[in-house]
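Below, each chain spelled out in residue letters.
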Amino acid sequence: MDSQSQNTSLQRLQNVEKEIVRVLELAGGVMDEMANPTGPRKELINSHCLEFMQLIKDIQVTLRDEIKSACEYRPFEKCDYGSRITNEICCKKLDYVISQLDGMKQTIDEYHSAV
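Calculation rules
Numbering of residues begins from 1 in every chain and follows the order in which that chain's sequence is written. Only residues with pLDDT of 70 or above have their local features reported here, since the model is predicted, and side-chain atom pairs are shown and tallied only from 80 upward, although totals for entire chains, interfaces and linings are computed over all residues. Neither water nor hydrogens contribute to the side-chain values; these are computed over all heavy atoms in the structure. UniProt positions are given in the numbering used here, feature names are shortened, and annotations may be inferred rather than shown by experiment. The helix and strand labels rest on DSSP assignments: H or I over at least four residues marks a helix, E over at least two residues marks a strand, and numbering proceeds from the N terminus. The span one expects for a helix is its residue count, reduced by one, times 1.5 Å. Exposed residues in this analysis have more than 50% of their type's maximum accessible area, buried residues have under 20%, and partly exposed residues fall in between, with area computed by a 1.4 Å probe over protein chains only. Among buried residues, those of type Ala, Val, Leu, Ile, Met, Phe, Trp, Tyr and Cys that are joined through side-chain atoms within 4.5 Å constitute a nonpolar core. Any two residues whose heavy atoms approach within 4.5 Å are treated as being in contact.

- The name given to the chain in an unreviewed UniProt entry is Mediator of RNA polymerase II transcription subunit 11, with Castanea mollissima as the source organism.
- Turning to the chain, the UniProt record has this under Subcellular location (unreviewed entry): "Nucleus".
- As its UniProt record puts it under Subunit (unreviewed entry), the chain is described as follows: "Component of the Mediator complex."

What follows is the structure in structure tokens.
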């Protein structure tokens, strides 16, 4: 999954998040309308319900597509883990050799100062 498709995927998921917030607002609006002392306005409830159902369908479709896309993603195809670990091991070995050389240099310096 390249950076471009990750970006668009994140944007689609952010839009889904906004749609979920809108769905909750619609549900709250219907609840408020049902609790209205003068009685619920049928046209308002109908429009809220229609928008609610359409948003739920859109959310389902988008999430299904994103899940399918994520399942097709193969994260290890271009993995450089092996080469990075080998490089880190080599660096650790070099650190060890340097510390041994520093110890030898210190021993030599101590010998020369004692003579």
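Things to note about helix α2 (residues 42-72)
Then, number 1: The first and last C-alpha atoms of α2 sit 45 Å apart over 31 residues, in line with the 45 Å expected at 1.5 Å per residue.
Then, number 2: Of all the positions in α2, only I45, H48, L55, I59 and E66 are classed as buried.

Things to note about the nonpolar core
Then, number 1: V16, V23, L26, L55 and I59 together form the largest nonpolar core, which totals 5 residues.
Then, number 2: Counting residues per element, this core draws most heavily on helix α1 (residues 3-34), which supplies 3 residues.
Then, number 3: Residues in contact with V23, not counting those within four places in the same chain, are F52, L55, I56 and I59.

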